[in-house]
Amino acid sequence: MDVSSANGNISQVLDKVLKGHSVGYRVEDRQVVLYSTNKAKEEKSVKSASPQQAKKIVKGHVVDTNGESLVGVSVLVKGTNNGTLTDVDGNFSIAVSTASATLQFSYIGYNNEIIKVNAGETVKVVMKENVKEIQEVIVTAPVGVQRQAKALGYAVSTVTAKQLTEAGNTNFASALYGKAAGVKITTAPGGASSAVNVQIRGINSLNYNQQPLYVVDGIMIRNDGQNGATGANNNNYWDDQRIRGNGALDINPEDIESLTVLKGASATALYGSDAASGVVVITTKKASKDKGLGVDLNYNLTSEQVAFLPKFQNVYGPGYDQADNIASGATAEGWIADSSSPSGYRPFFRSYGNFGPKMEGQQVKWWDGSTRSYSPQPDNYKNIYQTGLSSNFNLALSNQTDKLNYRLSYTRLDYKGTQRGSEQARNTFNLNSTLKLTNSMSLDIIASYVNTNTHNRPYQLGQVLGSYGGFFSRAEDMSLMLDKFQTSDGYKYVTYNHPERSSEALIYNIRATNLLDFFWQQLRNKYYETENRLISSATLNWDIINHLKFRGRIGSDYTGADTENKQYNEYPVSFNSTDNSTGGYAVTKGAYSILYGDALLTYANKLSSKFNYSASLGYQGRSENYKDQSSSTTQGLITENWFTLNNSYGILSTSSKRQQLLKYAYLGILNLSYHDYLFLEGTARQEYSSTLPPKNNHFFYPSVNGSFVISDAMKLPQEISYAKLRASYGIVGNSAPMYESNIAYSQNSLQTINGSVPSLVVGSSYGNDNLKAETKYEREVGLETRFLEDRVGLDISFYSNTVKNQILGLATAASVGATSQIVNVGEIGSKGLEIAFNATPINGPIRWMTRFNISFNKSKLNSLAQGFSQLTFYDSEQSALKIVAKPGEELGNIYVYPRATTADGKFIINDDGLYVIDKTKYVKAGNIMPKAVGGFSNTVMYKNLSLDFTIDYRIGGKMVSNPTKYMMGAGMFENTMQYRDAEHGGLTYTSGSTTYHDGVLLEGVNQTTGQANTKIIDAGTYYMNTFGWGYDAWNEKGSVYNNSYIKLREVALSYRIPAPICKKLCMNNVKVSLIGRNLFYLWRTLENIDPEAPLGNKWWSQGIDVGSTASSRSLGFSLSANF
Amino acid sequence: MNKKSIIEGLLLVIVLLFSSCTDQLEEKYYNPEKSTQANIPGFFTAILNNDRVRPSYWNVRTFLLMQPAVYSQTAYFTNNSSSYQQADGYTEQYWNNFYSPNSNGSGVLGMYRAMEVAYKSLSDADKATQEIFMQAARVVLFDEASKMVDLWGDIPFSEAGSLENTSAISNAKFDDQKELYTTFIAGLKEAATYFSTTSTNATFSKYDILLSGNVNKWQRYANSMRLRLLMRISNYDENTAKTAVLEMLNNSSTYPLVDGSNNGNYQPASTDILLQPLKTYTDNLNSALTELPSHYAPDYMLNKVMKPANDPRMDVIFDKYGATVNNAFVPNKEYSAMPIDATSAFAENNYMKYAIVDSTTLLQNKSLPGIVITAPEVNFLKAEAFERWGSTADAKTAYETAVKQSVSFYYYLNALNTSGLKVVTKPSDNEINDFVTSRVTYTGTPTEKLAKIWVQKWVHFGWLQSVQAWSEYRRTKYPQLTFPSTGKLSGYETPPTRLIYPSGEKSNNADNYATVQSKDTRTTKIFWDVK
């Protein structure tokens, strides 16, 4: 049977489809349960109903096994079409025509109850849950076409509303951790305002935006299109350091009804070129079809604290190795003589190393002029941050009449981040309505308005905590730093060499000025972002004539973004130099709009009683428009702290940018089914894209998929309740980002000695007139089975894909005349296996349901276009550490310069007693991609209590973190205690007349003599040289770490308040929960860095840490109720 | 709204989408903010508009003051463990800016290739009018490329710029540094000859933001560059240098130079090759110098060279500085620089006792031009040539002219400051004459005389022209500087003799890099560094 023709009002369609079959159905929310109505045929004739006056009333109350009232249970007088639904209190009343009747109660997820009643009686019905039926759902397949799950020839992962909201996540994507096989989530640290990355089935593209396409109620929404090829967060030490958000954050999880992840090429082929990295299809909540007026309320409050911080040593304070200390004017130990200090010495405040004197509470003069005790500050790193708070309130109103049904919701999110100064507030209004125009025509109107205000968005702290300029010592008290970043009159802190600027000038030169600058940015300066976004759509469903249907849709996604940046004057204008001041003011405005439209004409009919078919023809088009404008003061502000463009010291700087894109496609779909157990679908798409050179701007691709429901086709052993085989093959084309392939020049008007002269500049990324679309070819087979009356389920998919003509903004040697060019670079391929398993191991008073998934993926560079020998994705430490791929190699391999060895494998030690690094060759130091990722979710229920928890994990692969190496070289970590004293393995030696116990003797042979190394060096020299910046360091040890973990991601412990109590409160279904997210690692291999620290949306950037902000742990509660 | 109108509306939208799409597809392909029309004069202006030549914040702060100025001691640097370690990312940017433009540097080579491609497509008539742009651009290209060779040695050149050339990536070989010098020297001669016979035109005068279309100055620029390069190789290949240099010096009418008419009291603005700041430029070098910090006076220059000679340039290059005591500024009594081996702790406690770089001339002077080549340098080069291959009397004249011109030059820079800071009046010619003839006297053995030429030239270069200062220091080994080496990272105890190739080039041009990898150490010498 073909039910692929429906959209919108399912009931109408199902009524029609099921007419004449002995199949009944129930609808709850978006799920449809089909059941057999065995006796329906015999009792058809009863349709000629008895006269009204003959009817008598039966009343009743329906509850579940917990005594909870069930709302919307369908009550049917058997043998008639006379039915009703229970009301919000679980009560019903129905007229029966005879003195006694048989009532059938049905409700989604529950076993049918059949009860004999007598007229006038009041009954209490208890319904028992049934796991088996939950699974027969209809999913939303390509282009909004709905199909039965069993007809799908490819894997999809569906996540329910409950799973998305139970732990109080502020966005849906971070709620997906571990919940869908083959989907890897990485949230940028920084909390609710930070972008979330979703990676589906490994590496689908080597460059540019790796994010899936988000389709909300059929509309392709903006994720971060306005950022073009670079994407939202760059994972780069130099560019914008604010951790940006992406458009996915604007979709309110409370408004989501269901979320489906489409993974393979066949599943996504109809969505077109943006779907090459997968599609996340989101359907927002509608008014429940069978409910009347309803009000839903949800509230959650969580507090966030930074967690998973590095393990610091708390013994030694600032100072370098002995020789460096002396060369810097300190004692060998690291004290600086200072007669004004009580002890006669002060600490070496400028040192980034922590190889100085032991912190033993000595009274010393501090850099602010006070006398303080020289003591460890174990929590100083943690105290950079604050406790964050997230409050999320959601109220939804829904109603339904014959003509109209709607759901209107309002959500208010208030968020205070763990980074000081960072706050966000968001208002979301969502309307989802269906208007029945005629019997054959209905119109869905959906609108969502999101207003977001963000203040001082968090920073990635690479320049602060990952740079020597921000290294504060273990003796530094964070409350002092927080006190001193500004002077008492609101100017920026004054360094020791400008005592004329303030009497509060620091008296000594200190190291961590980058940290003071950061506090100045976040706590004094103000950076406001306001975003107003309206996503709206109208969909017309029209049954034109029998078998022929039309669906047309038009939608838009508009965002107006405003930012205002107020930088305060750093010192009084009287200290300005002649040509500039400090402070600044900037405003930027962005207007981003997407106009989307599609139309689909479908003809469905049957060829014979066994064969059904449907054919669709359609059009889909999208036009995107991005406008940005920005103006700022230059050279500072003339009048102190007056924030307006009229207060610029220099000539105003202003810029404007327009970007446009157009994509459209013609598509066709053909569906065939045989006996309702064999299904075949073919699709074709001819696509046009304005982002490719005109001669290559159109491309065609087909896909095919099929499924075979074995359990319907033949008799299987009783243990197997369901079995389906599926297979698919698909091709998806993908075009380039806007304007990247243009060969064009920037013109600037220069005001010169000759007057205004235009200069014409070739860009540093070069275009390509021959660029072609890249195409992904994917094969997939899968098996879906359920056993033991559906108590155990297993879903296995295997896929392999290749992406040909891979488009890449290839980093080039500057000597070719630009630093990158967009090219079709070659072919990559991925293979993977996804396994999802679910079971209900215990099903009694205590009920335990568990879901487990694991996925494996391996991606390779298959071949490169002529002229390229290898691809370099990442290069650091003077090329001592890089991620490159040669044809045939796995993607993500890390290569490092090794320590030099002699022919017989002994390490070569230089005359300074340190390892010699061999810069003539590279050795592989691992791969950044995980071997396996997945999750393990559980629900345990007992009476009114339920416990949900999700564990997610990553096994295998490495992380590259140069900042960790620098911090190790600076002696900050516990692991650098080694060698520092006799207790930690330090050797004893005498230098001058002093005996030291921090000797290190590296095993190996001397570079010049070839004899065993005998040079004992102090621990400071060892760490500072071996783990310093650059290619002379032992990068493999310092920067490359195993990265595997098992994390308790989410826990929700809920209590459903018993119905009688609720009733007194005039509420229903009141649930209170304790919730926690990112609670702790059950196991992790990384010691001094969080596995989720990295930022950026390139495929490799998740394996590379360039210094980010700390991760956090959230704890709180949530409350939900309806009226 | 009735059913019919909805359907009609919907169909109309769809029809509109269909019909407008095809036209828009191509229209939307090109970035509306950019031009697709190649234009030789526009490219030429872009080449000249180079913030690697002008004293811009980025180049001074991240390149000059962190590398060449340290290695040549023309600026103060903090003594720490990595004082002599090159900042890889920053040096890579300098490298990249030679090949590919961004806001810091003009990408001379890539832009020149774009000009060549545009030029090739012209008709013969158009070629004739545009040739002047090509010739001038080539002089600038060779000038910038020679600095690249001085910094790194072998560089990709002849095959470089394939993207502009063919729109495809074709990695370039590293050309041999000696051959490149030969190419530059020959090319500059050819360009000088061209400019000696060509008259300017209005377009060229407009787009030439360096010399406003003055072909005589272009000729002098090309000749003077050639003189610089010939002297640079004179220790490695003395015969070639000697022959060519003497030919130029003995035929000064055929080979006019940037020599300020050999007048000590010359006008740098009218004769030197200086790239003026844009009229919209309002910044200065205060941050660039004070951030590291680099604004303290360098020991050898002030204490060993200028102060003993009571050099009149001291007043415009340095400031005595002083301490703020009880809210009152107490200036130091005399010029004095911190010792080169001062520890950082010492520097932090005592910086106020020592001189700093002058505010009017250097720290807060938004009018500072980019220095391409100046008369004092040319006369120092002449002095060296005469001393080695001609008469020592001629050498003396050239040396004295050069020193006087250097004084004029720094007083010129000082006087450019229009911000209201105090401008120092230039001493009288007599005073300057006295300085030149009795305090930095051209006497002694030929070696001593050469040493004087080189030391004075080094003073003249200063950190503003520290790329030249470092090259000449490596070539001549004068002044005889000492560099503190205790407490340095292993392997970084001394300044390098060249820069290490940048990571991006190594990775992405790996095959060609392999041929020069063995030479890619910080202690390899540039071919002309043979003393």
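Residues numbered from 1 in each chain as written. Chains lettered and ligands numbered in written order. Predicted model: local features only at pLDDT ≥ 70, side-chain atom pairs only at ≥ 80, totals over all residues. Heavy atoms only, no water.

Examining the overall build of chain A
Step number 1: If you tally the helices and strands in chain A, you get eleven helices and 61 strands.
Step number 2: Radius of gyration (C-alpha) of chain A: 33 Å, near the 32 Å computed for a compact globule of 1123 residues.
Step number 3: Judged by the C-alpha coordinates and their principal axes, chain A covers about 115 × 70 × 70 Å.
Step number 4: With 1123 residues in all, chain A has 61% of them scored as buried.
Step number 5: Considering only contacts within chain A whose residues lie at least 6 apart along the sequence, 69% involve residues at least 24 apart.
Step number 6: Only carbon and sulfur atoms are counted for the fraction: they give 54% of the accessible area of chain A, which is about 41,000 Å².
Step number 7: Both charge centroids of chain A, one from 106 positive and one from 97 negative side chains, sit 7 Å from each other. (Helix = DSSP H or I, 4+ residues; strand = E, 2+ residues; numbered from the N terminus. Rg over C-alpha atoms; globule rule 2.2 N^0.38 Å. Buried < 20%, exposed > 50% of the residue type's maximum accessible area, 1.4 Å probe, protein only. Contact = heavy atoms within 4.5 Å. Areas by Shrake-Rupley, 256 points an atom, 1.4 Å probe, with all protein chains shown as cover. Lys, Arg positive; Asp, Glu negative; His and termini not counted. Charge placed at Lys NZ, Arg CZ, Asp CG, Glu CD.)

A few points about the sheet that holds strand E9 (residues 122–127) of chain A
Residue and element names in this part refer to chain A.
Step number 1: Strands sit in the order E6-E3-E9 across an open sheet of three strands; the sheet is mixed. The open sheet has two free edges, formed respectively by strand E6 (91–96) and E9, since each of these has just one partner strand. Across the sheet, the axes of successive neighbouring strands diverge by a mean angle of 30 degrees, strand direction being ignored.
Step number 2: Sheet analysis places strand E3 (residues 56–64) next to E6, joined by six bridges and oriented antiparallel. (Pairing = 2+ DSSP bridges. Axes fitted to C-alpha atoms, helices over the stretch in contact; angles between N-to-C directions.)

As for the packing of helix H2 (residues 40–48) of chain B against helix H6 (residues 108–120) of chain B
Residues and elements named next belong to chain B.
Step number 1: Where H2 meets H6, the closest approach of the two axes is 9 Å, and the angle between their N-to-C directions is 165 degrees. By the criterion of interaxial angle, the relationship of H2 to H6 is roughly antiparallel. When the axes of H2 and H6 are compared, the crossing they make is left-handed. Facing H2, whose interface residues are Ile40, Phe43, Phe44, Ala46 and Ile47, H6 presents Val108, Met111, Tyr112, Ala114, Met115, Ala118 and Tyr119.
Step number 2: A class-by-class count of the residues in the contact of H2 with H6 yields twelve nonpolar, no polar and no charged. (Parallel < 35°, antiparallel > 145°, perpendicular 65-115°, else oblique. Left-handed = near helix turned anticlockwise from the far one by under 90°. Nonpolar A, V, L, I, M, F, W, Y, C, P; charged D, E, K, R; others polar.)

Some points on the interface of chain B and chain A
Step number 1: Taken together, the contact pairs 102 residues of chain B with 110 residues of chain A.
Step number 2: Taking both partners together, chain B and chain A bury about 8,700 Å²; carbon and sulfur atoms supply 58% of that area.
Step number 3: Applying the counting rule to chain B against chain A returns one salt bridge.
Step number 4: For the pair chain B and chain A, the number of links is 40 residue pairs in polar contact (both at pLDDT 80 or more).
Step number 5: Residue contributions to the side of chain B that touches chain A peak at 13 residues, all from helix H1 (residues 3–27) of chain B.
Step number 6: Partitioned by chemical class, the residues of the side of chain B that touches chain A number 40 nonpolar, 45 polar and 17 charged. (Buried area = accessible area lost by both parts, 1.4 Å probe. Salt bridge = Lys/Arg side-chain N within 4 Å of Asp/Glu carboxyl O. Polar contact = N/O pair within 3.5 Å; in protein donor to acceptor, adjacent residues only side chain to side chain.)

Side note on the pairing of strand E22 (residues 362–365) of chain A
Residues and elements named next belong to chain A.
Step number 1: Pairing of E22 with strand E23 (residues 371–374) involves four bridges; the strand directions are antiparallel. In the sheet register, Val364 faces E23, and the bridge partner there is Arg372.
Step number 2: Hairpin connection, E22 to E23: the antiparallel pair is bridged by five residues, and Gly369 has positive phi, about 100 degrees.

Observations regarding the pattern of salt bridges
All names here are of chain B.
Step number 1: Here the structure, examined in full by the defined rule, presents 63 salt bridges over all chains.
Step number 2: For the salt bridge of Arg475 with Glu472, the shortest nitrogen-to-oxygen distance reads 2.8 Å. Here Arg475 pairs with Glu472, and both are found in helix H23 (residues 466–476), just three residues apart, close to one helical turn. Judged on exposure class, the residue Arg475 and its partner Glu472 are both buried.
Step number 3: Overlapping salt bridges, with partners in common, bring together Asp150, Arg232, Glu238, Glu384, Arg388, Lys457, Glu472 and Arg475 in one network.

Quick word on the sheet that holds strand E57 (residues 1040–1042) of chain A
All names here are of chain A.
Step number 1: Spatial ordering of the open sheet is given by E57-E52-E60, a layout of three strands whose pairing is mixed. Single-partner strands in this sheet number two, and they are E57 and strand E60 (1104–1105).
Step number 2: Sheet contacts for helix H8 (residues 962–969): strand E52 (958–961), E57 and E60; angle to E52, the most-contacted strand, approximately 60 degrees.

Quick notes on the packing of aromatic side chains
Any two aromatic rings considered together are summarised by their centre-to-centre distance and by the angle between their planes.
Step number 1: For the coordinates displayed, the defined rule picks out 91 aromatic pairs over all chains.
Step number 2: With a centroid separation of 6.2 Å and 45 degrees between ring planes, the pair formed by Phe409 of chain B and Tyr412 of chain B is classed as tilted. Here Tyr412 of chain B and Phe409 of chain B lie together in helix H20 (residues 392–415), a separation of three residues that amounts to about one turn.
Step number 3: In this structure Tyr412 of chain B comes out as buried when scored by relative accessible area, which is 13%.
Step number 4: Taken together, the ring pairs in this structure connect Phe63, Tyr94, Trp95, Phe98, Tyr99, Trp152, Phe174, Tyr501 and Tyr513 of chain B into an aromatic cluster.
Step number 5: Over the face of the ring belonging to Tyr1031 of chain A we find Lys919 of chain A, whose NZ or CZ atom lies 3.9 Å from the ring centre. (Phe/Tyr/Trp six-rings, centres within 6.5 Å; stacked < 30°, edge-to-face > 60°. Lys NZ or Arg CZ within 6 Å of the ring centre and 35° of its normal.)

Considerations on the nonpolar core
Step number 1: Grouped together as the largest cluster of nonpolar side chains are 211 residues, with contacts concentrated most on Leu206 of chain A together with Trp218, Tyr221 and Trp463 of chain B.
Step number 2: Considering every element that reaches this core, the biggest residue donor is helix H7 (residues 124–152) of chain B, with 14 residues.
Step number 3: Setting aside chain neighbours within four positions, we find Trp463 of chain B in contact with Val60, Leu64, Leu65, Ala69, Thr74, Ala75, Leu285, Leu289, Val357 and Leu362 of chain B. (Core = buried A, V, L, I, M, F, W, Y, C linked by side-chain atoms within 4.5 Å.)

Structural notes on the confidence of the model for chain A
Residues and elements named next belong to chain A.
Step number 1: Confidence in the prediction of chain A, expressed as mean pLDDT, is 86, and 91% of residues score 70 or more.
Step number 2: Contacts for the low-pLDDT stretch residues 1–8, under 50 throughout, to residues beyond four places or in other chains number 32 contacts.
Step number 3: Across residues 27–31 the pLDDT falls below 50, and counting only partners more than four positions away or on other chains, this stretch makes 16 contacts in the model. (pLDDT = per-residue confidence, 0-100.)

Describing the packing of H20 of chain B against helix H22 (residues 446–461) of chain B
Residue and element names in this part refer to chain B.
Step number 1: It is the contact of H20 with H22, at a shortest axis distance of 10 Å, that shows an interaxial angle of 20 degrees. The angle between H20 and H22 falls in the class roughly parallel. The interaxial crossing formed by H20 with H22 has left-handed handedness. Counted together, Thr392, Tyr399, Val403, Ser406, Phe409 and Tyr410 of H20 and Lys449, Lys452, Ile453, Gln456, Val459, His460 and Phe461 of H22 form the full contact between these two elements.
Step number 2: A class-by-class count of the residues in the contact of H20 with H22 yields seven nonpolar, four polar and two charged.

Side note on the environment of Pro318 of chain A
Residue and element names in this part refer to chain A.
Step number 1: As for its placement among the helices and strands, Pro318 is situated in the loop between strand E19 (294–306) and helix H4 (322–327).
Step number 2: With a relative accessible area of 3%, Pro318 lands in the buried category.
Step number 3: Residues Pro318 and Ala970, 652 residues apart in the sequence, show an inter-C-alpha distance of 9.2 Å.
Step number 4: What Pro318 contacts, discounting residues up to four positions off in sequence, is Gly334, Pro347, Phe348, Ser351, Gly353, Asn354, Gly356, Pro357, Tyr374, Ser473 and Ala475.

Examining the environment of Val325 of chain B
Step number 1: The residue Val325 of chain B is located in strand E5 (residues 322–325) in this model.
Step number 2: When the C-alpha atoms of Val325 of chain B and Ser106 of chain B are compared, they prove to be 46 Å apart, with 219 residues separating the residues in sequence.

Here's the deal with a nonpolar patch on the surface
All names here are of chain A.
Step number 1: A contiguous nonpolar surface patch, about 750 Å² in accessible area, is contributed by Ile842, Ile846, Tyr942, Leu945, Leu1053, Tyr1055, Val1072, Leu1074 and Phe1117.
Step number 2: Secondary-structure elements contributing two or more residues to the nonpolar patch are strand E58 (1045–1056) and strand E59 (1068–1084).
Step number 3: Counting through the fold element by element, Tyr942 comes out in strand E50 (residues 932–942).
Step number 4: The exposure class assigned to Tyr942 is partly exposed, which follows from its relative accessible area of 39%. (Patch = residues over 30% accessible without salt bridge, like charges linked within 9 Å, V, L, I, M, F, W, Y side chains within 5 Å.)

Regarding the side chain of Glu624 of chain A
Residues and elements named next belong to chain A.
Step number 1: With respect to the helices, strands and loops of the structure, Glu624 is situated in strand E31 (residues 611–632).
Step number 2: For Glu624, a relative accessible area of 7% gives the class buried.
Step number 3: Within the structure, Glu624 has its side chain in polar contact with the side chain of Tyr626 (distance 2.5 Å).
Step number 4: If we skip the residues at most four places from it in the chain, Glu624 touches Ser593, Ile594, Gln659, Gln660 and Leu661.

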